[in-house]
Amino acid sequence: MQSAMARAEVDDDVLGHDPTARKLEQEMAKITGKEAGLFVPSGTMGNLISVMAHCEVRGSEVILGDNCHIHIYENGGVATVGGIHPRTVRNNEDGTMDIDDVEAAIRDPKGGMFYPRTRLICLENTHANCGGRCLTVEYTDRVGELARRHGLKLHIDGARIFNASIALGVPVDRLVHAADSVSVCLSKGLGAPVGSVIVGSHRFIEKARTLRKTLGGGMRQIGVLCAAALIALQENVSKLEYDHKKAKILAQGLNQIKGIRVNAAAVETNIIFLEMEDSSRLGAEKLRKNLEENGILVIPVNSSRIRIVIHHQISAGDVYHTLSCIQQAVNGAQEANVD
Ligand SMILES: Cc1ncc(COP(=O)(O)O)c(C=O)c1O
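Residues numbered from 1 in each chain as written. Predicted model: local features only at pLDDT ≥ 70, side-chain atom pairs only at ≥ 80, totals over all residues. Heavy atoms only, no water.

Q: Run through empty space enclosed by the protein, naming residues and quoting values.
A: If you walk through the whole model with that rule in mind, you get 2 cavities of 30 Å³ or more. Ala 159, Arg 160, Ile 161, Phe 162, Asn 163, Val 184, Cys 185, Lys 188, Gly 189, Leu 190 and Leu 240 are the residues that line the largest cavity. Of all the secondary structure elements, the ones that give two or more residues to the lining of the largest cavity are helix 8 (161-168) and strand 6 (181-185). Considering every element that reaches the lining of the largest cavity, the biggest residue donor is helix 8, with 3 residues. Here the lining of the largest cavity is composed, by residue class, of 7 nonpolar, 2 polar and 2 charged. (1 Å grid on protein atoms, 1.4 Å probe; cavity = no way out; pocket = protein on both sides within 12 Å on 5 of 7 lines; lining within 4 Å. Points joined across faces, edges and corners; volume = space filled by probe spheres on them. Helix = DSSP H or I, 4+ residues; strand = E, 2+ residues; numbered from the N terminus. Nonpolar A, V, L, I, M, F, W, Y, C, P; charged D, E, K, R; others polar.)

Q: Tell me about the pattern of salt bridges, and please be specific about residues and values.
A: The full count for this structure, using the stated rule, is 18 salt bridges. Note that Arg 220 is salt-bridged to Asp 12, the shortest N-O span being 3.0 Å. One end of the pair, Arg 220, is in the loop between helix 10 (202-214) and helix 11 (223-235); the other, Asp 12, is in the loop between helix 1 (2-7) and helix 2 (19-32), and 208 residues separate them in sequence. Ionic pairing is found between Arg 22 and Asp 13, a salt bridge with its closest N-O pair at 2.9 Å. Within the structure, one salt-bridge network assembled from shared partners comprises Asp 13, Arg 22, Glu 25 and Arg 212. (Salt bridge = Lys/Arg side-chain N within 4 Å of Asp/Glu carboxyl O.)

Q: Hey, could you go over the packing of aromatic side chains for me, with residue numbers and the actual values?
A: Scanning the entire structure with this criterion turns up 0 aromatic pairs. For Arg 305, the ring lying beneath its charged end belongs to Phe 273, and the centroid distance is 4.2 Å. (Phe/Tyr/Trp six-rings, centres within 6.5 Å; stacked < 30°, edge-to-face > 60°. Lys NZ or Arg CZ within 6 Å of the ring centre and 35° of its normal.)

Q: Any details on the environment of Thr 96? Residues and values, ideally.
A: Structurally, Thr 96 can be placed in the loop between strand 3 (85-89) and helix 6 (99-105). Thr 96 gets classed as buried once you look at its relative accessible area, which sits at 12%. Between the C-alpha atom of Thr 96 and that of Cys 130, which follows or precedes it by 34 residues, the distance is 9.4 Å. (Buried < 20%, exposed > 50% of the residue type's maximum accessible area, 1.4 Å probe, protein only.)

Q: Report on the packing of helix 3 (residues 43-55) against helix 10, specifying residues and quantitative values.
A: Helix 10 packs onto helix 3 with a crossing angle of 120 degrees between their chain directions and a minimal axis gap of 9 Å. In terms of their interaxial angle, helix 3 and helix 10 are classed as oblique. The two elements helix 3 and helix 10 cross, and the hand of that crossing is right-handed. Along the contact surface, helix 3 presents Met 45, Ile 49, Ser 50, Met 52, Ala 53 and His 54, while helix 10 presents Phe 204, Lys 207, Ala 208, Leu 211 and Arg 212. Its residues assigned to classes, the contact of helix 3 with helix 10 shows 7 nonpolar, 2 polar and 2 charged. (Axes fitted to C-alpha atoms, helices over the stretch in contact; angles between N-to-C directions. Parallel < 35°, antiparallel > 145°, perpendicular 65-115°, else oblique. Left-handed = near helix turned anticlockwise from the far one by under 90°. Contact = heavy atoms within 4.5 Å.)

Q: Before we move on, could you go through the sheet that holds strand 7 (residues 196-200) and cite the residues and values that matter?
A: With respect to topology, 7 strands assemble into an open sheet ordered 1-7-6-5-4-2-3, the strand pairing being mixed. Two strands lie at the open edges of the sheet, namely strand 1 (36-40) and strand 3, each paired on one side alone. Direction aside, neighbouring strands of the sheet carry axes that sit 20 degrees apart on average. Relative to strand 5 (residues 153-158), strand 4 (residues 118-124) runs parallel, the two sharing 5 bridges. The residue of strand 5 that forms the bridge with Cys 122 is His 155. (Pairing = 2+ DSSP bridges.)

Q: Explain the pairing of strand 4 to me, and be specific about the residues and the numbers.
A: Among the 7 residues in strand 4, 6 count as buried, and that is most of the element. Sheet topology note: the strand 2 (residues 61-65)/strand 4 ladder contains 3 bridges and is parallel. Looking across to strand 4, one finds that Ile 63 is bridged to Ile 121. Between the parallel elements strand 4 and strand 5, the chain passes through helix 7 (residues 137-149) in a crossover that is right-handed. (Right-handed = clockwise from strand over helix to strand, strands pointing away.)

Q: Which residues make up the pairing of strand 6, and what are the values?
A: A large share of strand 6 lies buried, amounting to 5 of its 5 residues. Examined bridge by bridge, strand 5 and strand 6 share 4 bridges and lie parallel to one another. Looking at the pairing, His 155 lines up with Ser 181 of strand 6. Inspection of the sheet shows strand 6 paired to strand 7 by 5 bridges, in the antiparallel sense. Its bridge partner lying in strand 7, Cys 185 is registered against Ser 196.

Q: Break down a nonpolar patch on the surface for me, with residues and values.
A: Nonpolar side chains collect at one region of the surface, where Met 113, Phe 114 and Tyr 115 lie side by side and expose about 440 Å² of accessible area between them. Position of Phe 114 relative to the elements: it lies in the loop between helix 6 and strand 4. Exposure remark for Phe 114: the relative accessible area of 67% places this residue in the exposed category. (Patch = residues over 30% accessible without salt bridge, like charges linked within 9 Å, V, L, I, M, F, W, Y side chains within 5 Å. Areas by Shrake-Rupley, 256 points an atom, 1.4 Å probe, with all protein chains shown as cover.)

Q: Pulling in residues and values, what's your account of the layout of surface pockets?
A: Here the largest pocket is characterised by a volume of approximately 420 Å³. Taken together, 23 residues line the largest pocket, and the ones lying closest to its centre are Leu 297, Val 309, Ile 310, His 311 and Ile 314. At the level of secondary structure, the elements contributing two or more residues to the lining of the largest pocket comprise strand 11 (305-309) and helix 14 (316-338). At 4 residues, the largest contribution of residues to the lining of the largest pocket is made by helix 14. Taken together, the residues of the lining of the largest pocket break down into 9 nonpolar, 10 polar and 4 charged. Two domains each provide a minimum of three residues to the lining of the largest pocket, namely domain 1 (2-235) and domain 2 (239-338). (Domains from an automatic or database assignment.)

This is how it looks when you write it as structure tokens:
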């Protein structure tokens, strides 16, 4: 990637002249089956721009899962920056929202001055906070059909859509066929240093380009970043399947450790949530610190829950090393408790 970045052909992307950016955007549009693409600096900006482009009018409403990234981790940007009202629907453990609940949340357009106008539904695939669960093509199509029936748009936060595609064995373009836009991250499992690409119709991308400039995301010679992303698309998509295998090995190994529990059946991609059954002995923060000392980085979600993510630079050997470090930490905590 570094040598591709050094060799990248670049020009001014604010003026639309960067050839490497054009190549990446066209490639992502082709993979996702959409008309056009736009490079943006982050997944957060990709989602914000998409929501604003679809909702258009301040005071419009977006329906989204109560556990989704846009709602939980993006600083409420759709409301604070976009002026869009979020209406949440409960996320099930598998990342879906019940279709009946989504339909019930759509405002009656005849509500006059009392209601905001619903304009958009957002899905997340894979669903990060639900443990990297995949939304199936059947489910996505049903939500798309519901959106069309009510004259709404459908956006997919597809930060990890390639993981979903590989795990489900469904090509990306088929998986997102029902969506009007998708935001795809390049810097997660795909391993590029920076950026996301949003895709949709030509009209959507033109609105998105203006919003990107407004939000300060218009950048000049971005070909250096897009060159790395093109390598990620060429070389790293095929590595995701092995990431999923390593995640399953880790999940199964963790379930052999007394006091640690993982819902192994729910590990469909590269994210694992580890539950500590008796966190009074070894809390999540203590375990995180212990693992960090062994060169392993994880994120505690609360006092008894830790998130672990696998990527292609983590080897099977690293997975076994992690298991052995966790086993030792648990043993150490048990011994301290006996003393
Ligand atoms: C599902 C999902 N969407 C969006 C984002 C935002 O991406 P970024 O960190 O590039 O803003 C993330 C980041 O972790 C994510 O997991």
